[in-house]
Structures are given as structure tokens and as C-alpha cells.
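Residues per chain are reported as follows:
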Amino acid sequence: MEIRIKKSDLVSETSDVLVLGVYQDKQSFEHSASSKKIDELLEGLLTQIAKEESFHGKANQILWARSNDAFASKRLLLVGLGKKEECTLETIRQAAAIALSAIKQTTAKSAVCLLLGDVSDVRERTHAMIEGIRLADYGFGRYKKEKKTHLKSLDLLVEDGRDVIAAKKGMELAEQFVKGTLFVRDLVNTPGLHMAPQHLVDEAKLIAKNNKQIKVKVFDEEKLAKMGAGGILCVSQGSDHPSFLVHMTYTPATKSKKRIALVGKGVTFDSGGLSLKPADYMMTMKCDMAGAADVLGVFAVIAAIAPKVEVHGIFATVENMPSGNAIRPGDVIEIMNKKTVEVLNTDAEGRLILADALVYATRQKPDAIIDLATLTGACVVALGEEITGVMSNTPALSNALLTAAASAGEKMWELPLEKNYRKLIQGDIADIKNIGGRYGGALTAGLFLQEFVDKTPWAHLDIAGPAFAERDINAYEKKGATGHGVRTLLKYLLSI
Ligand code: BES
Ligand code: ZN
Ligand code: ZN
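Keep in mind that what you see is a predicted model, and the values were worked out from it rather than measured.

Some words on the sheet that holds strand 5 (residues 110–114)
So, point 1. Taken together, 6 strands build an open sheet; the order of strands is 1-6-5-2-4-3 and the sheet is mixed. Bordering the open sheet on either side are strand 1 (2–7) and strand 3 (62–66), each of which pairs with just one other strand. Direction aside, the axes of adjacent strands within the sheet are offset by 25 degrees on average.
So, point 2. As paired elements, strand 3 and strand 4 (residues 75–80) share 5 bridges and run antiparallel to each other. Counterpart to Leu63 in the pairing with strand 4 is Leu78.
So, point 3. Across the sheet, helix 2 (residues 45–52) touches strand 3 and strand 4, and the angle it forms with strand 3 is around 135 degrees.
So, point 4. Where helix 3 (residues 89–104) meets the sheet, its contacts fall on strand 2 (17–22), strand 3, strand 4, strand 5 and strand 6 (153–158), and the angle it forms with strand 4 comes to roughly 145 degrees.

Regarding the coordination of the zinc ion (ligand 3)
So, point 1. For the zinc ion (ligand 3), the full set of protein donor atoms is Lys265 (NZ), Asp270 (OD), Asp288 (OD) and Glu349 (OE), and the range of their distances to it is 1.9 to 2.4 Å.
So, point 2. The site at the zinc ion (ligand 3) holds 6 donor atoms, and with the angles between them running 77 to 173 degrees, its shape is octahedral.
So, point 3. Counting residues between consecutive donors of the zinc ion (ligand 3) along the chain gives the motif K-x4-D-x17-D-x60-E.
So, point 4. Taken as an interatomic distance, the gap from the zinc ion (ligand 3) to the zinc ion (ligand 2) is 3.2 Å; Asp270 donates to each of them. Placement of the pair is Lys265 in strand 9 (residues 259–270) and Glu349 in the loop between strand 12 (340–343) and helix 11 (350–362), with a sequence separation of 84 residues. For the residue pair Lys265 and Glu349, the accessibility class agrees, reading buried in each case.

Considerations on the environment of Gly141
So, point 1. If you trace the backbone, Gly141 turns up in the loop between helix 4 (122–137) and strand 6.
So, point 2. Among the residues examined, Gly141 registers a relative accessible area of 24% and is labelled partly exposed.
So, point 3. When the C-alpha positions of Gly141 and Pro252 are compared, they lie 34 Å apart, and in sequence the two are 111 residues distant.

Describing the coordination of the zinc ion (ligand 2)
So, point 1. Taken together, Asp270 (OD), Asp347 (O), Asp347 (OD) and Glu349 (OE) make up the protein donors of the zinc ion (ligand 2), found 2.0 to 2.2 Å from the metal.
So, point 2. Here the zinc ion (ligand 2) binds 6 donor atoms, and the angle range of 70 to 169 degrees at the metal identifies the geometry as irregular.
So, point 3. Sequence spacing of the donors to the zinc ion (ligand 2): D-x76-D-x1-E.
So, point 4. Looking at Asp347, the relative accessible area reads 23%, which means it is partly exposed.

Considerations on the UniProt feature "domain: Cytosol aminopeptidase" (unreviewed entry) in the protein
So, point 1. When the UniProt feature table is mapped onto this chain, "domain: Cytosol aminopeptidase" (unreviewed entry) is found at residues 345–352.
So, point 2. Overall, residues 345–352 shows 38% helix and 0% strand. The separation of its end C-alpha atoms is 11 Å.

Describing the site of ligand 1
So, point 1. The local shell around ligand 1 holds 15 residues, among which Lys277, Asp288, Asp347, Glu349 and Gly377 are the closest.
So, point 2. Between ligand 1 and Asp270, the relevant distance is 2.9 Å, taken from an oxygen atom to a side-chain nitrogen or oxygen of the residue.
So, point 3. The class makeup of the residues in the shell around ligand 1 is 4 nonpolar, 4 polar and 7 charged.

Some points on the packing of aromatic side chains
So, point 1. This structure, assessed with the given rule, holds 3 aromatic pairs.
So, point 2. With 5.9 Å between their ring centres and 70 degrees between their planes, Phe140 and Tyr143 make a pair best called edge-to-face.
So, point 3. Pairing Phe448 with Phe452 gives two aromatic rings, centres 5.4 Å apart and planes at 45 degrees, and the pair type is tilted.
So, point 4. Owing to a relative accessible area of 0%, Phe448 belongs among the buried residues under this scheme.

The rules we used
Residue positions are given per chain, counting from 1 as you read along its sequence in written order. Chains carry letters and ligands carry numbers; both start at the beginning, A for chains and 1 for ligands, and go up in the order they are written. Per-residue local features of the predicted model are confined to residues with pLDDT of at least 70, and side-chain atom pairs are confined, for both listing and counting, to 80 or more; whole-chain, interface and lining totals are unaffected and use all residues. With hydrogens and water set aside, each side-chain value is computed from the structure's full complement of heavy atoms. DSSP calls a pair of strands paired once it identifies at least 2 bridges connecting them. A helix here means a DSSP run of H or I that spans at least four residues, while a strand means a run of E at least two residues long, and both kinds are numbered starting from the N terminus. Only the contacting stretch of a helix is used when fitting its axis, a line to C-alpha atoms as for every element, and angles between N-to-C directions run 0 to 180 degrees. Two residues qualify as a contact provided that any one of their heavy atoms is within 4.5 Å of a heavy atom in the partner residue. Donor atoms are limited to N, O and S found within 2.8 Å of the metal ion, a distance that becomes 3.2 Å for Na, K and Ca. With water left out, some sites might look partial. Key to geometry: four donors with every angle between 85 and 135 degrees are tetrahedral; four donors are square planar and six octahedral where opposite donors lie over 155 degrees apart and all remaining angles lie between 65 and 115; all other sites are irregular. The buried label applies to any residue whose accessible area, calculated with a 1.4 Å probe on protein chains only, is under 20% of its type's maximum; exposed applies above 50%, and partly exposed to all values in between. UniProt positions are given in the numbering used here, feature names are shortened, and annotations may be inferred rather than shown by experiment. Proximity is defined per residue: any heavy atom of the residue falling within 4 Å of a molecule or strand makes that residue near it. What qualifies as a polar contact is a pair of N or O atoms within 3.5 Å, subject to a donor-acceptor requirement within protein and to the restriction that residues adjacent in sequence count only when both atoms come from side chains. In this classification, Asp, Glu, Lys and Arg are treated as charged, Ala, Val, Leu, Ile, Met, Phe, Trp, Tyr, Cys and Pro as nonpolar, and every other residue, Gly included, as polar. Working definition: a ring pair exists when centres of Phe, Tyr or Trp rings (six-membered ring for Trp) sit within 6.5 Å. Plane angles under 30 degrees give stacked, over 60 give edge-to-face, the rest tilted.

The structure is reproduced here in C-alpha cells:
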């Protein structure tokens, strides 16, 4: 589907559907200049239909009407924006997504949509609309034979010619944010059968091949053994697929102010290993590489959005399987920084591979490290399925990430790195163990990771809940991979 920005008045636009946003609870449609105009053209018909259909312009409400030849488009779709004073960019993202989904249920080939709402500036509003539309339009089509879409074009109308440039800028950036997000969704939705560690390596190489500003280094098992990456190697022992540590580097065109490392968990399938997961818990475990996919998603668009920082994208990728060669509960292994770990539960594998990746990242001497991982079920228990848990040793970093998340429309909440819980991961026969007690599992996992970053400012994002939706979340995040994390990271990198 092609999306264009166009300066035009909505009355003369010819299209199959004309979309208008309407705020809630005003007597008629008079509160919006354009809906008033349309209502007049239809001689009050709209007011009448709205009354009959109990359409009040509440958020997520829609109303279809015919144009009756009063204006050039065939049909009219009103989409509610809720109360004017409560309207945010997220309301606009949702409304755009709802309108798109409604249009897609018809045979309409073309649509025009006036910029929704009047919060924030034109650039931000256009950005939000493009995200809502494109993310709602996504479907994972790899294995579906039947693919039918009618809608070919959607024009976003700006009524004031002076707004065209701002709208185009908003669209350009949004298209990159969307590209990164959908890239992640495709990777995460791909089942373990077609998504072994090698595939993630290939994606990294492909990104680097297509871009001069991106370099990639891949460490295979032989190299990992020499480096002493016992965390990655012990998890991959049980799998027939070899594991890797991947290091991508983005160098900005102008001299960079800062160096940021992004680190991802890339478990292409998490069976739990010998501490095997129950069948119900294993069904979605193709999603366990979402952290690594987020890093790749950022790198897929980083050159186009051109943040003025040097960015290192590092991920460890393995498959966690049980076998005669698999690591046993009780085994002791050594991480790259020589710390020893008692592996009491082979299902707490993410922290083992991240430990090596974090030591490697720390050695790049970054100003900050941000790791992303579908790390603990406990984080999902604590914050539910839609919110990422943020843990950090540097308040300024977690605050910057929370701010970026809020403006990206991704929900994140800070959890504490409680020093007093460190004793819960104290090892009996090794330095530390890979599980804490019965409670606070997200926090003990965070404390485990902290052992491998020294004093480097670091933030850990536990995306176990939001990375993969087990049911529809909202109008643009449907069941399946969400790509959660990418837009926050991009916003954060642009904010430095
Ligand atoms: N990949 C899982 C965490 C997870 C759970 C991700 C739900 C997405 C949705 C992780 O490797 C894991 O199994 N963690 C264990 C840790 C426990 C054994 C200490 C968990 O959370 O149960
Ligand atoms: Zn696990
Ligand atoms: Zn896992």
C-alpha cells in the first residue's frame, strides 16, 4: 500500500473512502471544521446517522456513511478520537490503525484521510498516523497461501500548504521506525524450524553488506571457546545448531559524541533444556530471540535515521535443547570474565548467554549498555503482558529510556536492582548461581546480569511480556510478534 502526503481539501478528493477524525461528546459535528463542512454538505444527514448509530466519537468508535454525491469520495468513515483534552499521539496511532482495519474489511482500493486530531505538531501527528496504519496493516504472510488486499493507496491530506514539508518529514522517519519494527516481527514470528542461530547471523551480514557505515564481526564456536565464552557454549551444547556471538558497529558520518552498546538475547528456541518446559509454556518460545531481533531491527534502519552516535549491536544466539550432550542442572561453567556459575536450572539460559555478551560489550568501552531480553516469566507476572521491566545501575539512563519509550508509544516501567537480593544468587560451589529464590525472579535475573557489566552505565530491558502477544493487544499490535523495543531504542538514539 502506498501512502502519500497531499495538500488538498477533502471535499474535492475522489477516493473510495474519506476518513475523518471526530472528538467525543459535542452536540453535533460542529466542533470539527471539516466534519461540520461535510455535515452541511450532507444536509445534516451525518448528525442523524450518528444519533441512530449512537456514534459519539469515543476513542475506537467508527461510523460509516455514504457521500450521497455531496462530495467526491464514495464513502465516509468517521473515527472517534475520544475527549479532546485526553487525545494524545497514542490516541492518533490507535485511531489511524482502527480506520485502516475498517477499510481493509471492505473492497475499497483508495482512501484519503485528513490528519487526525490536533495535538502536538504536524510532524509528530503524521509520524503517529503512519505507525498506526503500517503496524495495523502487518500480517505474517510467510506460510499463508491466500493473500488478498484491495487497498492500494492512502493519501494523508493536509489542508494548509505550509504543513506539507513537516508532514513529509514525519512520514519519512515513521517509515523507518515501521521498517525496523516489522523487520523484528517477521524474524520473531518465524518458527524455530526456519530460525536457527545461523539465520540471525546471516541477517546481520546482509545488513552490513548493504551498508558502508555498518561492519559486522561473527564469533563462531571455535572462537568462542578461545574467548572463554562458557555461558554461550554451555547453553548450545544440547542443540544440533551451532551458536554465535555477533558484533555489528554503526559509525555515524560526523564524529560521534557517544558510544552506545545494544545487547540482545537470541535464543532461537527455548525448550528449557534438561529443565524442560511444560508443553504449554513452550508453544511461544520461538519468541526467545526477540532481544537479538530488536538489535537487528535497529541496525536495519540505523543508517537511514542517522543518529549522531556510534552504536554497537551485539547479540548472542543459541538454541536451548535437551540432549545427551546438554548441560545438566548442577554443572558449573565459566563466563568470559572468569566468573563461575552454578547452572541449577537450564531454563534460566538467557542470563548465561547474556553474561558473555555483556562482558564482550563492556570491553568495547561504551558510554552505556542497553540489553534487551525475553528473560523471565516473573517479569510478566509482575508487570503483565504489555509492559517491559527496566532495571538499571544509572538513573539518568533508565530515565532517558523511559522517556523515549513513552514518546514511542511503548510501555515500560522501572523495577529495582535491590542489593539485598544479591544473596539470593550467591553460589554454593561457584561464584553465583543462575536462579534466585521463589520470588522476585525478574530482579534476581537483573542482579545476575549486573555481575557482568562492571561499572559501565547499563540498563536491562526485560521484554518477556510485550515481545510476543498471546492475544490482540490493541489496534496495531495483534496476536504474535510485536517488534516492541525497536521504536524506543530508535527514539533514544535520536535523543542523544
Ligand atoms: N525465555 C524464558 C522467559 C520467558 C517467559 C520469555 C515467558 C517469554 C515469555 C526464560 O529463558 C526462562 O525460561 N526463564 C525462567 C527462569 C527461571 C527458570 C528462573 C522463567 O522465567 O521461568
Ligand atoms: Zn529459558
Ligand atoms: Zn529463554
